[in-house]
Structure formats: structure tokens, C-alpha cells
Amino acid sequence: MTQRTNHFASATMPEMSQETLEAIVRSLMQRNQRRTDHFRYTLPSPELYPFQWLWDSCFHALIYNTLGETAQAQHELRAACAKPLPGGLIPHIIYWERPENGAQWGRERRSDVLDAAWGHDNCSTITQPPLLAHAVYDTVLHGGDITWLAEMFPILDAHYEALRRTRQFDDTELLMIINPDESGEDNSPRFDTLLELPPHHSADQHLNARITLLHEHAACRYEVRTCMRDVFAVVDTGFNLVYFDALRCMEALAGILHQPDTAARYRARADELASDLRLHLYDGEHWYAYDATHNRPIPVATWNTLLPLWAGIVTDEEAVRLVEALRSPHAFASPYGIRTTAKHEPSYDPHDGFWRGPIWPAPHWFLFHGLRRYGYEADATRVANQLERLVCGEGFREHYHPETGIGLGAHNFTWGGLILTMQPKPTQ
Ligand code: GLC
């Protein structure tokens with residue numbers, strides 16, 4: 001039996017065996033599962049997020065795979081891909097079922113306004129970080145069915161083609177996002193300037209700015225390169241690194257399906273993208289996002305600037321600087337986990353900041369694997385232990401206060417289950 005030793009555990013937190021943790025995660029996932037006549041999917045949090053979200057479903061698939069529930073992962077991803085928009089883009093929310101009491105969902109509790117602004121009945125009209133290929137590949141590696149892969153592959157291919165066709169940044173392989181929600185980090189401060197918001201503002205002000213954007217999308221007829229680009233277009237670091245990884249996964253999946261031409265197409269794009277990423281997002285020190293509307297970098301230190309570790313596109317020497325920022329208590333290292341926004345940023349808001357400082361589980365998953373990739377095993381273990389301590393001590397919360405470790409936001413939130421995919425290396 002694997003015993004996780006938590007070096008940072010508080011005196012009150014019992015050590016938990018891997019089996020107990022698995023049982024708790026399994027039960028949470030089961031409680032959040034829903035089905036329609038044809039599909040099965042998992043709610044990120046029944047109370048606050050009662051629908052299906054795209055990158056959440058990718059995380060869910062990773063969790064199911066680790067639990068040995070590959071069939072459930074297949075269901076989850078099939079449902080996430082069930083309603084592509086005309087053109088092939090996979091939307092970030094699918095409204096399978098409206099809550100009976102019509103309750104407002106989400107942090108701002110004004111979801112009626114948001115739902116109407118998408119301009120679509122059963123799903124949103126924007127997307128989220130393109131993690132799908134990673135999740136599908138992980139499922140295949142965990143014994144997923146090749147018939148299922150053959151069914152999913154054309155949908156994925158259409159999604160990645162649609163992204164490239166509609167979101168391409170100039171003549172590069174980089175992509176632009178057109179709404180902060182597409183980054184997965186609704187209120188990250190790296191989007192403040194474009195939204196014309198000061199470093200401190202209310203959740204309501206923020207939602208208003210994003211809803212205004214949605215109306216602009218409609219007015220632009222969702223045409224990004226000729227219209228939205230003048231309003232809000234960001235070459236986001238995280239989104240593009242996830243895309244880079246996706247291109248690699250698509251190459252591998254095409255290989256499994258014996259489609260050498262398709263595999264070669266994805267490999268060529270990944271190679272191009274690798275140099276574009278470096279040329280446009282790296283200033284020799286930082287991996288900042290780029291404001292494609294005003295043509296300037298966005299020098300805001302969020303955890304996204306550390307993500308090149310996960311994607312594996314930095315040299316060992318370059319990785320050192322990223323790891324330093326990750327370890328620095330003035331930047332990303334809180335006593336409880338990794339801050340989403342560096343402490344030295346004027347926008348840092350540990351209490352009610354959402355993505356402006358509080359600790360979220362998914363960044364720990366990305367950075368755990370990034371640290372391990374570059375051989376920082378002790379740091380990777382620390383990151384895993386910190387997430388485990390938060391989950392075991394505070395429960396499955398959406399995020400956690402970086403200065404006190406107290407749980408915040410949604411309850412019964414699935415992302416904490418990612419801890420199962422962050423295994424310590426077995427000791428020899
Ligand atoms: C929040 C998060 C977003 C997530 C959604 C559902 O809006 O910011 O990343 O997909 O909740 O969990």
C-alpha cells in the first residue's frame with residue numbers, strides 16, 4: 001500500500017492512504033455524474049457549476065483513467081464533443097439540463113445574463129484551453145478503445161482545424177483567444193488592461209466587461225481575424241502551450257490510427273509553433289501573454305508564465321529561472337501551494353481574487369508534471385503534497401486562500417481529484 005507522506009501536513013491532518021484518497025475521489029466523481037438519454041458527463045460542482053465544461057471534462061477523464069475507469073473517461077469526452085459549433089469548434093459549456101429551481105450558477109450569480117449573451121441555446125459559443133487531445137491520448141494510453149478513438153478523432157481534428165482557421169495570429173501557428181473565459185481563468189489580471197479594468201474591481205464589474213465582449217462577438221458575427229481582433233485578442237501563453245501539446249498528441253493519435261499524412265501535418269505544425277512561441281512570447285526572461293489588439297506584451301506574472309515547463313519547450317538553463325519564480329515566496333510560492341497570480345503584482349488579491357492569487361488544483365497538476373519533466377523531483381513532490389494537504393484538510397473546494405490555506409468558492413469541486421494523477425516516484 002502506498003502511504004503518502006505529507007512533509008507539510010499540519011498536526012491535525014491525518015495521513016491518508018492512496019486507497020482512502022481514491023475512494024473519496026471516486027465517490028465525489030460518482031456523485032457529480034449525470035446522464036442524458038445518450039451521454040454521460042460529470043459536473044465540476046453540482047451547486048455552482050451544474051453543466052458540462054470543456055477543460056473540466058478533460059481533467060475528469062484524467063482522473064477516471066487513474067481510477068481505472070477508462071470507460072467513464074470515454075463517456076465524458078464523448079459528451080464534451082457532442083455539440084460542436086458550426087465550423088467544428090468545441091464549445092466550453094454544454095447545458096445538458098437546467099437546474100429545476102432555475103438557480104443562478106457561477107461566482108457572480110448572474111448566469112441568466114451570461115447564458116443569454118452566448119447567443120446559443122444549448123451551449124456557449126466560445127471555447128477553453130484545447131486540452132482535448134491530451135485527455136483522449138491519456139485515455140488511449142490507459143487502455144481506451146480504438147473504435148472509440150476512431151469515432152473521436154475526426155471531431156478533434158475538426159476542432160483543431162477550426163481553431164487554426166479562425167484564431168490564427170498573423171501568419172504564425174499561434175492562436176488568439178477572444179474572451180478571458182477561453183483561457184480557463186475568467187478574471188486573470190493579465191486581461192485587465194484589455195478589459196479596461198483597474199487592478200482592483202468587483203466580480204460584477206468583471207462579468208459586465210465579459211458580457212460586453214460577448215455582445216461585440218455577436219456584432220462581429222464571431223469573425224475573429226477581421227473584427228474581434230480590434231476589440232479583444234490575446235495570444236495567451238497557457239492556451240498556446242496546451243495547443244502545442246495537443247498538436248503532439250494529435251500526431252501520436254493519428255499514428256495509432258495509421259494516418260501518416262495527418263500525423264505529418266500535426267508534426268509540422270508543432271515544429272512551427274515551437275519556434276513561433278519562442279519568437280513572440282519569450283523575451284529571454286519571461287513567457288508573457290501578448291496583446292494582439294494593441295500589439296504589445298502583457299507583462300503580468302501569473303502562473304501561466306511557468307507553463308513552458310509542462311510543455312517542455314524550455315532548455316534546462318531557462319527552466320532554472322522558472323523554477324526560481326515558482327519557489328519564491330514573493331512570487332508564486334505560498335506556504336500552502338502555488339499562487340495563480342504572483343504576490344508582487346498590484347492585482348494580487350488572496351481573499352476574493354479567484355484567479356488573482358488563490359490556489360487552484362489544476363495549476364498544481366500542470367506544474368507537478370512540468371517540474372518532474374525537468375528533473376525537479378523534490379519540488380514536484382512538494383507541489384503534490386501541498387495539494388493533497390489542501391484537499392484532505394479543507395475538502396474538494398474550487399480554490400484556496402494562499403495565505404491561510406482556507407477553502408474558497410465551490411464545494412464538491414472535482415479538480416482536487418487530480419491529486420491522484422500526481423504520484424510520488426516509487427522509492428527504489
Ligand atoms: C470557473 C473556472 C473555469 C472552469 C469553470 C467550471 O469558471 O474559472 O476554469 O472551467 O469554473 O469549473
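Here the structure is a predicted model, which is why all the values come from computation and not from measurement.

Q: Mind laying out the state of the cysteines, listing which residues take part and the relevant values?
A: Taken as a whole and assessed by the stated rule, the structure comprises 1 disulfide. Residue pairing for Cys220: its cysteine sulfur links by disulfide to Cys227, the two sulfurs lying 2.0 Å apart. Of note, the bridge from Cys220 to Cys227 carries an S-S torsion of about -70° and is left-handed in sense. On the basis of relative accessibility, which here comes to 8%, the residue Cys220 falls in the buried class. Looking at Cys227, the relative accessible area reads 26%, which means it is partly exposed. As a non-bridged cysteine, Cys123 has Cys81 as the owner of its nearest cysteine sulfur, 12 Å distant.

Q: Explain the confidence of the model for the protein to me, using residue names and the numbers behind them.
A: With 96% of its residues at a pLDDT of 70 or more, the protein shows a mean pLDDT of 94. When the criterion is pLDDT under 50, residues 1–13 qualifies, and its contacts beyond four places in sequence or with other chains add up to 34 contacts.

Q: So, the sheet that holds strand 7 (residues 296–298): which residues are in play, and what are the values?
A: Across the sheet, which stays open at both edges, the 3 strands sit in the order 5-6-7 with antiparallel pairing between neighbours. Looking at the sheet topology across the chains shown, the edges are occupied by strand 5 (234–235) and strand 7. Direction of pairing for strand 6 (residues 289–291) relative to strand 7: antiparallel, over a ladder of 3 bridges. Residue pairing in the sheet places Tyr290 in a bridge with Pro297 of strand 7.

Q: Describe in detail helix 13 (residues 361–373), supporting the description with residues and values.
A: Taking 1.5 Å of rise per residue, 13 residues should cover 18 Å, and helix 13 covers 19 Å from first to last C-alpha, within 8% of that figure. With 10 of its 13 residues buried, helix 13 lies for the most part within the structure. For helix 13, every residue scored as buried is listed here: Pro361, Ala362, Pro363, His364, Trp365, Phe366, Leu367, Phe368, Gly370 and Leu371. One or two residues past the end of helix 13 sits Gly375, with phi positive at roughly 85°.

Q: Describe the site of the ligand, with residues and values.
A: Every residue lining the ligand is accounted for by Pro44, Tyr49, Trp53, Trp55, Asp56, Gln128, Gly184, Asp186, Trp355, Trp360, Phe413 and Trp415. Contact distances for the ligand include 2.9 Å between an oxygen atom and a side-chain N or O atom of Gln128. In the environment of the ligand, an oxygen atom lies 2.7 Å from a nitrogen or oxygen atom belonging to the side chain of Asp186. Starting from 310 Å² of accessible surface for the ligand in isolation, the protein chains cover 96%.

Q: Report on the packing of helix 5 (residues 132–141) against helix 6 (residues 146–167), specifying residues and quantitative values.
A: At their nearest, the axes of helix 5 and helix 6 sit 11 Å apart, and the two run at 170° to each other. Classed by the angle they form, the pair helix 5 and helix 6 counts as roughly antiparallel. Where helix 5 crosses over helix 6, the two elements pack in a sense that is left-handed. Of the residues in helix 6, those in contact with Leu132, Ala133, Val136, Thr139 and Val140 of helix 5 are Ile146, Trp148, Leu149, Met152, Leu156, His159 and Tyr160. Among the residues making up the contact of helix 5 with helix 6, the classes are represented as 10 nonpolar, 2 polar and no charged.

What counts and what doesn't
Residues numbered from 1 in each chain as written. Predicted model: local features only at pLDDT ≥ 70, side-chain atom pairs only at ≥ 80, totals over all residues. Heavy atoms only, no water. Disulfide = S-S within 2.5 Å. Buried < 20%, exposed > 50% of the residue type's maximum accessible area, 1.4 Å probe, protein only. pLDDT = per-residue confidence, 0-100. Contact = heavy atoms within 4.5 Å. Pairing = 2+ DSSP bridges. Helix = DSSP H or I, 4+ residues; strand = E, 2+ residues; numbered from the N terminus. Expected span 1.5 Å × (residues − 1). Near = heavy atom within 4 Å. Polar contact = N/O pair within 3.5 Å; in protein donor to acceptor, adjacent residues only side chain to side chain. Areas by Shrake-Rupley, 256 points an atom, 1.4 Å probe, with all protein chains shown as cover. Axes fitted to C-alpha atoms, helices over the stretch in contact; angles between N-to-C directions. Parallel < 35°, antiparallel > 145°, perpendicular 65-115°, else oblique. Left-handed = near helix turned anticlockwise from the far one by under 90°. Nonpolar A, V, L, I, M, F, W, Y, C, P; charged D, E, K, R; others polar.

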